[in-house]
Amino acid sequence: MNYLVDRIAGVGAYALGVLRAAFELWMVFVGTIAGIWRLYGRRGATRPPGALVEQMHVIGNRSLLFIVVTVGFIGMVMIYQACLQFSRSVGDLSQIGVQFARLIVSDLGPTLTSMMLATRVGAGIAAEIGSMKVTEQVDALRMSGVLPIDYLLVPRFLASIVMTMVLSILGAAIMYGAGGLTAYLSFGVNPRVFYDLAMVEPRHLGLGLLKAFCYGAAIPIVSGFCGLRARGSSEGVGWATTAAVVGSSFAVIALDFMLSVGALWLFGGDV
Amino acid sequence: MIGERAINAVGTRAVAVSREIGGITILFAQILRALLPPRLDGRELVKNLHKMGNRSVPIVALTAFFTGGLMVVQAAPFVQRLQATSLAGWAAGYAVLREVGPILIALMFSGRVGANNTAELGTMTVTEQLDGLRALAIDPIRYLIVPRVVAMMVMLVCLTCIGDLIALAGAMLVAKGVLDIEFGIMYASFVENLSPADFLHGIYKSIAFGLSIAVTSCYFGVTVRGGAVGVGRAVNAAVVAAAVSIMLLDFFLTYLNV
Amino acid sequence: MIELQDVGVRFASRQVLDGVRLDVARGARLGIIGPAASGKSVLIKVIAGLVAPSSGRLIIDGTDVTGLTEERLAPVRARIGMLFQNYALYDFLTVEGNVGFPLVRRGEPADQVAQRVRDRLRAVGLAGSEHKLPSQLSGGMKKRVGIARATIAAPELVLYDEPTAGLDPVTTSKMYDLLRADHEQSGATAIAVSSDVAALIGFVDTVIFLYQGRAHYQGPAATVADAPDPVVRQFVRGALDGPLVG
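Keep in mind that this is a model prediction, so the values were computed, not measured.

Undergrad: Explain the sheet that holds strand β10 (residues 214–220) of chain C to me, please; I cannot follow it from the model alone.
TA: Pairing between the strands of a sheet is mediated by backbone hydrogen bonds and can be parallel or antiparallel. All names here are of chain C. Taken in spatial order, the six strands line up as β6-β7-β8-β3-β9-β10 in an open sheet, and their pairing is mixed. On the outer flanks of this sheet lie β6 (80–83) and β10, each paired with one strand and no other. Strand-to-strand twist in this sheet, taken as the mean axis angle between neighbours without regard to direction, amounts to 15°. Strands β3 (29–33), β6, β7 (157–161), β8 (189–193) and β9 (206–211) of the sheet are contacted by helix α1 (residues 40–48), whose axis makes an angle of about 155° with β7.

See below:
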């Protein structure tokens, strides 16, 4: 009986913890939006000099090789599997490229690129901010009258949105290119037949970019939240980094699901 | 000279990456040697199996559910255009079992378990606990690392099996909710079009993924330098290395078509 | 200048501080001592406004600042300098960037900031290390950079969280000489937390002894070793037998 009560109390405490964390995450998001207004909406606000460009460099340029390698390989694998599937059943591979293009633009390009970015960028942001938190640098910022969210999170947030969109476009292009190459080399699909953008319409592009925008916004918010929650010492930073990778990867998957279902409802079967 | 600087930077980076690959290979060899004869610390193994496996079930289940649903949503346009509802299960199931399921579950596993493992070993390294073990003549590889590597491999395979199942269930639910396809039709579509080979293809991959996540995360954990900042950096490096190795392994395993 | 009224702090289910009262006059120097985990660092963070008290009020210069938002707290904090336990130097900035940070944030012109940073660094004995990074400095040097940063904006109140932790005895003496000279010149109020009681009581004029989250004893620093309270006496003298628990 006591065991049962303990168990229920444990579940309740856990649920409360989750609710509180969700509330704090929301507050970080609201704070970041307010911070953008504080820094860029008013005249004469003191912005961290050069922080935006630096973060764009860290998040974008430094992820370039990683994105090219991982997304390139997964693009090849995806098309290989699809060709295998089609050749076993339908036997006609001429439609592969057309369908693949549509799928890359509206989903695979931004989503897989962002899954990879969630790993690299999310871990990086959480590790940096978490280290600053446990070494009291965040408190030192506060003592200097600086809001940590403005100083640390706003530049990363803006840089991440821009760079996720840029890298998603690049990732989609690389997947498409690598996919066509694989289809040609392994299954002899004529590149002229493969590289056919007939099915891609503006709304596919719009959906893809919207997804990239949302992922780019979600990754730094989740990771920054995890970093700012870090406590203790090195194990605290480790915990924060782990939570950031899992949290932002999951955010990408969940957002993809919601946006895809939303688009399906909006446009019917013609997404 | 910008050109000279760039070449210099590329060279430095290449040397650094080569050093990491070399270090990981050496650690892998040491792990293999420690497994001969296969003497495992039973308690350490059980503890890790529980921590890495059981505790990861919720996040893997959630990921898998959404993944299965996503595959159906992505297949929806074809299905609706061709009026071929029996294809939905085939398309979603094939993608989930062979490719998307094992990869996404492995990425989540790397984020949760691999990163956590790096952080833990890293903290032990910076607080000199590994030296403490050595001072007691306990081999940290045999005592700490081998149980973790074994636990991660075993548990990723188990989690992939569970995840595959949940993903297929998610696919059925979403097909019912979004496309209004009956459960029976989806089930029949799975049964008719998917073979055990598709499932095994994914499982082979997850074995390889588990091994690579385990070895890279342990490597970056035991080579941490410099306190809390170093631990954060190591975890970052570990998840990046694991993601790259998952993608490369996936590519080669797909081509080998095991 | 600083007044704490029955301040309590709870972390989850642990009562870290309980009913702490404190009144520090302008220009006074207060030392906070007590066993490990008695809430010393939390108390100093409450005074800095970094930790919000769960109960009670914090009053600075007659103004109640309990529970103000971070933005409202900024002008209050502008008058407070703080030295952190682990220096908390920004590892992405040079020594010059660190020390000048509070001034740059207030929009002071760059040449003026540079001049004041140079003066300040000379005062703490670190002239010429403007362009080093924190990772290139020793522990004692980092503490001194931290002091320079805490005091550059001429604060009315300076908080020191373990100013001499991890320093050898000679460096510790030098550190307190530096703090004494600093405060004699500026007349700023000082509150210091330290585990090194013997060195601390040479700097402060009053001590408060925190014990199990409560302000157990308060009295003049010079006579703390002969305090009427047996727990305080035992703690300060480092005796093994006595009423002190934990």
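Undergrad: Would you explain the interface of chain A and chain B in this entry?
TA: Many authors give the size of an interface as the accessible area that is lost as the parts come together. Contact with chain A, which involves 52 residues of that partner, is made by 55 residues of chain B. Taken together, the links from chain A to chain B amount to zero salt bridges. Counting across the chain A and chain B interface gives six residue pairs in polar contact (both at pLDDT 80 or more). Breaking the side of chain A that touches chain B down by element, the ones donating at least two residues are α3 (64–89), α4 (96–134), α6 (148–187) and α9 (234–267) of chain A.

Undergrad: Could you clarify how one ought to interpret the packing of α3(A) against α6(A) in this entry?
TA: Axes are the key here: two packed helices are described by the angle between their axes and the distance separating the axes. All names here are of chain A. Relative to each other, α3 and α6 sit at 45°, their axes nearing to 7 Å. Relative to α6, the element α3 lies oblique. In this structure, α3 crosses over α6, and the sense of that crossing is right-handed.

Undergrad: Quick question: what am I supposed to make of the packing of aromatic side chains here?
TA: In this description, an aromatic ring pair is defined by two values, namely the gap between the centres and the angle between the planes. Tallied over the full model, the rule gives 22 aromatic pairs over all chains. Ring geometry for Tyr176(C) and Phe203(C): centres 5.7 Å apart, planes at 35°, overall tilted. With Tyr176(C) in helix α6 (residues 169–186) and Phe203(C) in the loop between α7 (197–200) and β9, this pair connects stretches of sequence that are 27 residues apart. Aromatic rings pair up to connect Phe73(A), Tyr80(A), Phe187(A), Phe251(B), Phe252(B) and Tyr255(B) into one cluster.

Here is what the cut-offs are and how they apply
Residues numbered from 1 in each chain as written. Chains lettered and ligands numbered in written order. Predicted model: local features only at pLDDT ≥ 70, side-chain atom pairs only at ≥ 80, totals over all residues. Heavy atoms only, no water. Pairing = 2+ DSSP bridges. Helix = DSSP H or I, 4+ residues; strand = E, 2+ residues; numbered from the N terminus. Axes fitted to C-alpha atoms, helices over the stretch in contact; angles between N-to-C directions. Contact = heavy atoms within 4.5 Å. Salt bridge = Lys/Arg side-chain N within 4 Å of Asp/Glu carboxyl O. Polar contact = N/O pair within 3.5 Å; in protein donor to acceptor, adjacent residues only side chain to side chain. Parallel < 35°, antiparallel > 145°, perpendicular 65-115°, else oblique. Left-handed = near helix turned anticlockwise from the far one by under 90°. Phe/Tyr/Trp six-rings, centres within 6.5 Å; stacked < 30°, edge-to-face > 60°.

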